[in-house]
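Residues per chain, in single letters:
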Amino acid sequence: MDEIKQQFYTMSKNDALTAMNTKRSGLSKAEAEKRLLAYGKNKLKAGKKKTVFGIFMAQFANVMIWVLIAAAVISAVLKEPLDAIIIGVVILLNAVLGTIQEARAEQALAALTEMAAPTARVVRDGRSAVIKAEDVVPGDIVHIEAGDNVPADLRLIETAALKAEESALTGESLPVEKDEDAVCKADALAGDRLNMVFMGSAITYGRGLGVVVHTGMDTEMGKIAESLGEADKDETPLQRKLAEISKVISIAVVIIAIVMFGVGVLIMGTDIFDMFLTSVSLAVAAIPEGLVAVITIVLALGMQRMADRGAIIRKLPAVETLGSTRVICSDKTGTLTQNVMTVVESWPKTELGDMLACMVYCNDSSPDENGAMVGDPTETALLDYALDNGWSLKTIQARTRDAEIPFDSERKLMTVMKSGKAYTKGAPDVLIDRCTHILKNGKAVVLDEEMREKVRLHNAKMADEALRVLAFAEKEISPEDMRDIGGIEKGLTLIGLCGMIDPPREEAKAAVTACREAGIKPVMITGDHAATAKAIALELGILKPGDGIMTGDELNKTSEEILDEQCGNVSVYARVAPEHKVRIVKAFQKKGMVVAMTGDGVNDAPALKTADIGVGMGITGTDVSKAAADMVLTDDNFATIVKAVEAGRKVYQNIKKTVRFLLSSNAGEVIALFTATLLGMRLLGPIHILWINLVTDTFPALALGLEPAEGDVMKYPPRDPKVPLIDGRMWAGIAFTGVFEAVLTLAAFMIGRTVSQEYAVTMAFVTLGLSQLFAAYGARSEHVSVWSLGLFKNRIMLLALAVSSLLQVSVVLIPALRRIFELDMLSGIHWLIVIGMSALMLVFSEVEKAVARRRRKHKSLEI
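For clarity, every value in this text was computed on a predicted model and none was experimentally measured.

Trainee: Where do I start with the packing of helix α26 (residues 686–696) against helix α29 (residues 757–778) in this structure?
Mentor: To describe two helices that pack against each other, one gives the angle between their axes and the distance between the axes. Taken N-terminus to C-terminus, the directions of α26 and α29 make an angle of 20 degrees; their axes are 10 Å apart at the nearest point. Here α29 runs roughly parallel to α26, going by the angle between their axes. Seen from above, α26 lies across α29 with right-handed handedness. Across the interface between the two elements, H688, I689, W691, I692 and T696 from α26 touch V761, F765, L768, G769, Q772 and L773 from α29.

Laid out in structure tokens, this is it:
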């Protein structure tokens, strides 16, 4: 389609509309669908995705796998084809299971990405509609305003004080002011095209309307994307720690295996090939090759569960960081409250007619096709109030404006010019000071100090009643006044005040209580009046006796040192600007606290990035704030943050259980093999160890990751992120468990040795595998008995143990497999012995927990 090749920045806005064969009323639905087929989805070409084959091949990028392959080749050369086949089959099974796990993790993460997809507001069939950004097509008319990310390259056809931040494209850090009437030269660079906005840039001020001229890879951003490769994926601190642990263990075990090989061949005179296989067995037993993969799956499953609860985790590290959260800094409106504003009071009643006109014209919200108001909750409340007081829906839909000065957080005002009059609404403490007159019985009279004080007292009275108060003013203007936009918001005539309320969410109070029980400090940060913030904070339980309230003005006068000292005692920050949030976050962080911060505006992005957990709002949040966040709430609900913290704690708790189980299992294998080798016994071969790892490291480990939380995880203080994943006590527990597992295995071997070598290997093989499964069942909690946990509470664990047990014993029970693994059929009494000895692993686990509980009890009594 030739029109896409044109340089639209060299055209007038009307010529651009003609070239794109569209108009201000937008495309029809049918035409949009036709163009979507012609141009394709509006998205950048995805980085090279991992194919199933690629994931499968990656499973072989492991030193130990190649050692095993070498062992298989040597076995074949030495005319031991059965060993070669068995090792090959087990390697293949490991690779297949690893591929399935990783592919599922990729799918889970892709599903979460889809849930967080950005949207765009377009005009279709003459009506405003919100669609996925990827469905935007050339010729669409798109609405943009402060806080939006631009969904495609647009030729602007309407602007109102519009500014865009284009640093991603141009490197220019300052926002660029846009002008729909500008016509640029053909050689103008992207940064000089003042009549265009580009995909990926952020609108920082004002609003505008544009026609889509380029989508997807045809955009300026698309040209950059052509040269970019696949972005690196987040690797969590936990994954890095686990990878380091695996690396250290791997190096240590390889050294031990080499030493053992040397001792066996040179000192004990063992056959070279047998000793090589024994050394390989030791290395295979010790190296937790599946550890990082299993933990990644547990994290991905945790992310999916959080998404089901309304918290979309955008960055994987957030899952583990949530468990350490000590402070949750939350906005009030919509997060702690219902975000359903209702005007309940206006003052004075005598000027209601002028006030309603100001409410309607100085308002960016509008009715949808069903008559429901769409937009900012405060503004929709004003339109609903106007409807309740005589304004018609048709009149509201037909309103226009001559010009405007958009709202921004610095001025805290919005002004609209209509038919020779300026209407202004904003924060009372700001707007009252800009008024020189007040409307009284329809006439402007001088606003003297006595009357000004009366207005302020009425404002304070409304605020003390937990009402959000807005002030309204007007001013007659002439065409000459329009030339001095800055002067329009001075010398105004005050119309009056209105008070509205956004009631607290019912579930927020319980969530605040849960925070305090969990050792988490809830903090309210709001732009509202201090009195309003105080009333809501008291009702929710955020503000307790002795807690302080600090305003934005007080923050400006407070040094960093004093704020660092006082922040722990302040629970409410009122009348603050977005930039204050960064200071508040840093003050808590200097105290060593992990901070979660909510935000929904463009200016909240720095605070969201500074916080340990940036929480974006899925409903009211801007694209910029969502992009900066680690987590996005689909319901904008404070209670959902608390649920996510609880889920994060559960995930971390289960990860610790999984790590301990896997390392203690490997420790048992290493100790058993090493001891047997020193005693001159051939305990188990590589295929036996590989099979046991395959059976025990997969299903039970994943089932531990899905274990329900033991007790109430929100009854304890947050974990210290500086404490290592595996502390001294945990290493001791891993060692003791490994030793006991090895003792059971060697005891079974010695009992079987009275019959034959094959019988001994069989008993050791079954005992080692089953004892690890009993250990997995006992590992469901570090302190709580399995009886207290509920024997059948984790059905996934029961299923995993059933499947793993069946796989383990089938090797002995099925004659063909028994021959392949060079095992012997056990008698009934010996089956009872190996099962009984394996079950002792659960008894050991319960005794260890009982000792730990007694120690903790004595310690608490001493304190």
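Trainee: Even after reading the chapter, I still don't get the nonpolar core, so can you show me in this structure?
Mentor: Most often, soluble globular proteins have nonpolar side chains that are buried together. Residues M631, F638, L683 and L684 are the most contacted members of the largest nonpolar core, which totals 116 residues. C362, L383, A386 and V416 belong to the second-largest nonpolar core, a separate cluster that totals 28 residues.

Trainee: Even after reading the chapter, I still don't get the sheet that holds strand β23 (residues 594–599), so can you show me in this structure?
Mentor: Two pairing modes exist for strands in a sheet, parallel and antiparallel, and in both the strands are linked by backbone hydrogen bonds. What the 8 strands build is an open sheet, ordered β8-β25-β24-β23-β9-β20-β22-β21; its pairing is mixed. Single-partner strands in this sheet number two, and they are β8 (311–313) and β21 (548–551). Sheet twist, expressed as the mean angle between neighbouring strand axes with direction ignored, is 20 degrees. With 4 bridges joining them, β23 and strand β24 (residues 613–617) adopt parallel strand pairing.

Trainee: What is the right way to look at the pairing of strand β4 (residues 153–165) in this model?
Mentor: Remark: a regular strand shows side chains that alternate across the two faces of the sheet. Pairing analysis gives 10 bridges linking β4 to strand β7 (residues 202–214), with the strands arranged antiparallel. In the strand pairing of β7, D153 is matched with H214.

Trainee: Even after reading the chapter, I still don't get α26, so can you show me in this structure?
Mentor: The α-helix advances 3.6 residues per turn, and as a result positions three or four apart in sequence lie on the same side. Most of α26 sits out of view: 11 of its 11 residues are buried. All of the buried residues in α26 are P686, I687, H688, I689, L690, W691, I692, N693, L694, V695 and T696.

Trainee: Please explain the packing of aromatic side chains as it appears in this structure.
Mentor: Here a ring pair, both rings aromatic, is described through the centre-centre distance and the interplanar angle of the planes. Within the structure shown, the criterion is met by 5 aromatic pairs. Ring geometry for Y361 against W391: centres 6.0 Å apart, planes inclined by 80 degrees, an arrangement best described as edge-to-face. Here Y361 is found in helix α12 (residues 352–361), whereas its partner W391 is found in the loop between α13 (377–388) and α14 (393–398), with 30 residues between them in sequence. An aromatic cluster is present here, built from Y361, W391 and Y423 joined pairwise through their rings. Positioned above the aromatic ring of Y652 is the side chain of R719, whose terminal nitrogen or guanidinium carbon lies 3.6 Å from the ring centre. The ring centre of Y777 lies 5.0 Å from the NZ or CZ of R780, which sits over that ring.

Trainee: What should I look at first to understand a nonpolar patch on the surface in this one?
Mentor: On the surface, L840, V843, V847 and V851 cluster together into a nonpolar patch covering about 320 Å² of accessible area. Within the element layout of this structure, V847 appears in helix α33 (residues 828–862).

Trainee: Would you mind going over the pattern of salt bridges with me for this structure?
Mentor: Once their charged atoms are close, side chains differing in charge can pair, the charge on each being opposite to the other. All told, the structure shown has 33 salt bridges when counted by the stated rule. Two residues, E220 and R193, come together in a salt bridge whose shortest N-O distance is 3.3 Å. Of this pair, E220 sits in helix α7 (residues 220–225) while R193 sits in the loop between β5 (176–177) and β6 (196–197), placing them 27 residues apart in sequence. Here E707 ties to R780 by a salt bridge, and the two come within 3.1 Å at their closest N and O atoms. With E707 in the loop between α27 (699–705) and α28 (728–753) and R780 in the loop between α29 and α30 (786–789), this residue pair connects regions lying 73 residues apart in the sequence. Taken as a pair, E707 and R780 share a single burial class, namely buried. Within this structure, R24, E158, R207, D364, R401 and E404 form a network of salt bridges that share partners.

About the thresholds
Residues numbered from 1 in each chain as written. Predicted model: local features only at pLDDT ≥ 70, side-chain atom pairs only at ≥ 80, totals over all residues. Heavy atoms only, no water. Axes fitted to C-alpha atoms, helices over the stretch in contact; angles between N-to-C directions. Helix = DSSP H or I, 4+ residues; strand = E, 2+ residues; numbered from the N terminus. Parallel < 35°, antiparallel > 145°, perpendicular 65-115°, else oblique. Left-handed = near helix turned anticlockwise from the far one by under 90°. Contact = heavy atoms within 4.5 Å. Core = buried A, V, L, I, M, F, W, Y, C linked by side-chain atoms within 4.5 Å. Buried < 20%, exposed > 50% of the residue type's maximum accessible area, 1.4 Å probe, protein only. Pairing = 2+ DSSP bridges. Phe/Tyr/Trp six-rings, centres within 6.5 Å; stacked < 30°, edge-to-face > 60°. Lys NZ or Arg CZ within 6 Å of the ring centre and 35° of its normal. Patch = residues over 30% accessible without salt bridge, like charges linked within 9 Å, V, L, I, M, F, W, Y side chains within 5 Å. Areas by Shrake-Rupley, 256 points an atom, 1.4 Å probe, with all protein chains shown as cover. Salt bridge = Lys/Arg side-chain N within 4 Å of Asp/Glu carboxyl O.

Honestly, it's all geometry; don't read function into it.
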